[in-house]
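If you want the building blocks of each chain, they are given just below.
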Amino acid sequence: MSDFSTPNKECIRRYYNKPIIRRLKEVYNCNIIYYGLPSPDAEDIAEWIEYISSVVAFQCRDYGNVSDPDQPTDEVDKLIEKLNSWEASGQIDNYIVYDGYMEEVLFKGYDNSASGSIDYTHDNHVTLFNLDFCNSITSPQEYITKEGDRISKYKLELIDKILEYQSKVSHQSDKFVLFLTVQASYNGADLHDYIEVNKKSLCKYNSFHRKKHFVLKHFIEDCLYNKIKAYNYIPQFMPTVFYKGIKDVDMMHFAVMCIRPLDSKKQGGIFVYNQLINDITNTLPLMPNPESEADKLINYLDIIEGMVHPNKNFMETFCQSRNVNTYWND
Ligand SMILES: C[S@@+](CC[C@H](N)C(=O)[O-])C[C@H]1O[C@@H](n2cnc3c(N)ncnc32)[C@H](O)[C@@H]1O
């Protein structure tokens, strides 16, 4: 197992992510373009490779430090070698690895490759975003511009940028899934401002064990919901997953299925969002359960007033959802 794998993570990749990707690929007939943060061993891609056609990967050289041309490129090289071997054996059609933080590559428009920087392009509609971060949603990433200025970018700004690029190349009926993984950390000005403004709706969590986790879950779900809608996609959230990551750090994993609907699906001139934000935030999380043979995903252990447990068979719920019936089944 590599630095980034744990039994919980493997369980999520196989029993939570994989059925979603399989559905996208087989039922909706999409070529799966993976876009995200695979790590040098690319264990996520290895788990899903039977469904993946091409890979757009970002790998920083020295995680935690601002990119610098003097840093060794071992991590980037290892990932390139791995993807190269899959391309050579025909398991994927092609790949690109951007050397640098995703934030710096997208906002600067080019990467740090030693052999001459690669310009960032987003020409194809991506079907699978795997934003598998090592830190919290509110941790900014710093980078140095061409002019030598030090800039900070937040993950929510990055997600906005990704959706902006994606929406420019999207056509009607295009579908994608967005996976987002972050640490369950509560610090950050954005989050505290949000709590201040939304005190009333968040006070229901005051009596909860793990109150802060639920506030953070609510914040992230609300931000993703609004951003996705702002770029004219219809989001359908899968149940969020809470789990223990490396060194027992509390982590959260989100999955949202998105579609750019056909104009003909408008009702009275507008698109109806059948899954409401309250339905999403009032749904309790699932948890991985790798030790069990039969039950690889289980419900959150507490019962909380006003919140509901999701169906552990989340693909069944997805398939029966109004959004799928209205927008996904042509
Ligand atoms: C959590 S690991 C990915 C694990 C992988 N998705 C899997 O399931 O096997 C994140 C990887 O991306 C790198 N990384 C983290 N944040 C990044 C960012 N903002 N831009 C580029 N690389 C990043 C880390 O160095 C690490 O290799």
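The following paragraphs examine the structure supplied in this document. (Residues numbered from 1 in each chain as written. Predicted model: local features only at pLDDT ≥ 70, side-chain atom pairs only at ≥ 80, totals over all residues.)

1. Looking at the overall build of the protein chain
Alright, step 1. Within the protein chain, the regular secondary structure consists of 11 helices and 12 strands.
Alright, step 2. Relative to its 330 residues, the protein chain shows a buried fraction of 36%.
Alright, step 3. Taking the contacts inside the protein chain whose residues are at least 6 apart along the sequence as the reference set, 68% of them involve residues at least 24 apart. (Helix = DSSP H or I, 4+ residues; strand = E, 2+ residues; numbered from the N terminus. Buried ≥ 20, exposed ≤ 12 C-beta atoms within 10 Å, placed from the backbone. Contact = placed C-beta atoms within 7 Å.)

2. Topic: unusual backbone geometry
Alright, step 1. One non-glycine residue, asparagine 29, lies in positive phi territory at about 55°.
Alright, step 2. Considering the arrangement of structural elements, one finds asparagine 29 in the loop between helix H1 (7-26) and strand S1 (32-36).
Alright, step 3. Classification of asparagine 29 as exposed rests on a count of 8 C-beta atoms within 10 Å.
Alright, step 4. Within the chain, arginine 210 stands out as a residue other than glycine whose phi angle is a positive 65°.
Alright, step 5. Within the fold, arginine 210 resides in the loop between helix H7 (199-202) and helix H8 (211-230).

3. Quick notes on the site of the ligand
Alright, step 1. Around the ligand, the structure places 20 residues, and the nearest of them are Leu37, Ser39, Asp44, Tyr63 and Asp132.
Alright, step 2. Listing elements by their share of the shell around the ligand, those giving two or more residues are helix H2 (43-48), strand S2 (52-59), helix H4 (102-108) and strand S4 (128-136).
Alright, step 3. It is S4 that contributes the most residues to the shell around the ligand, four residues altogether. (Near = placed C-beta within 6 Å.)

4. A word on the packing of helix H5 (residues 155-169) against H8
Alright, step 1. The contact between H5 and H8 brings their axes to 10 Å, and the two run at 25°. Considered as vectors, H5 and H8 are oriented roughly parallel to each other. Crossing of H5 against H8: the hand is right-handed. Listed contacts from H8 to Leu156, Ile159, Asp160 and Leu163 of H5 are Cys223, Lys227 and Ile228.
Alright, step 2. Among the residues making up the contact of H5 with H8, the classes are represented as five nonpolar, no polar and two charged. (Axes fitted to C-alpha atoms, helices over the stretch in contact; angles between N-to-C directions. Parallel < 35°, antiparallel > 145°, perpendicular 65-115°, else oblique. Left-handed = near helix turned anticlockwise from the far one by under 90°. Nonpolar A, V, L, I, M, F, W, Y, C, P; charged D, E, K, R; others polar.)

5. Things to note about the nonpolar core
Alright, step 1. The biggest cluster of nonpolar side chains holds 75 residues, and the ones touching the most others in it are Val55, Leu128, Phe129, Val177, Val256 and Cys258.
Alright, step 2. Top element by residues in this core is strand S10 (residues 250-259). It accounts for eight residues.
Alright, step 3. Apart from the residues lying within four places of it in its own chain, the contact partners of phenylalanine 129 are Tyr35, Gly36, Ile162, Phe176, Leu178 and Phe179. (Core = buried A, V, L, I, M, F, W, Y, C linked by C-beta atoms within 7 Å.)

6. Looking at H1
Because each turn of an α-helix spans 3.6 residues, side chains separated by three or four positions in sequence point in the same direction.
Alright, step 1. Here H1 contains 20 residues, and its C-alpha end-to-end distance of 27 Å stays within 8% of the 28 Å for a straight helix at 1.5 Å per residue.
Alright, step 2. Of all the bends found along H1, the most pronounced is centred on asparagine 17 and spans about 40°, while proline 19, a proline, follows it within four residues.
Alright, step 3. Within H1, the full set of buried residues consists of Lys9, Cys11, Ile12, Arg13, Tyr16, Asn17, Ile21, Arg23 and Leu24. (Expected span 1.5 Å × (residues − 1). Bend = angle between axes of the 7 residues up to and from the residue.)

7. Comments concerning the environment of lysine 82
Alright, step 1. Looking at where lysine 82 falls in the secondary structure, it is placed in helix H3 (residues 74-88).
Alright, step 2. The spacing of lysine 82 and serine 321 is 239 residues in sequence and 38 Å in space, taken between C-alpha atoms.
Alright, step 3. Here lysine 82 is in contact with Asp41 and Ala42, once residues within four sequence places are set aside.

8. Let's talk about the environment of leucine 158
Alright, step 1. Relative to the helices and strands, leucine 158 is located in helix H5.
Alright, step 2. Among all residues touching leucine 158, those that are not within four sequence positions of it are Met102, Glu103, Leu106 and Lys153.

9. Comments concerning the pairing of S10
Alright, step 1. Burial within S10 is extensive, with nine of its 10 residues counted as buried.
Alright, step 2. Strand direction decides the pairing type here: strand S7 (residues 175-183) and S10, joined by nine bridges, are antiparallel. Its bridge partner being in S10, threonine 181 is matched across the sheet by histidine 253.
Alright, step 3. When strand S8 (residues 234-237) meets S10, the two strands line up antiparallel, connected through four bridges. Residue pairing across strands places phenylalanine 237 opposite valine 256, the latter belonging to S10.
Alright, step 4. As defined by bridge partners, strand S9 (residues 241-244) adjoins S10 across four bridges and the pair is classed as antiparallel. Among the inter-strand pairings, valine 241 is bridged to a residue of S10, identified as histidine 253.
Alright, step 5. A loop of five residues connects S9 with S10, the two strands running antiparallel in sequence, and lysine 247 in this loop sits at a positive phi of about 55°. (Pairing = 2+ DSSP bridges.)

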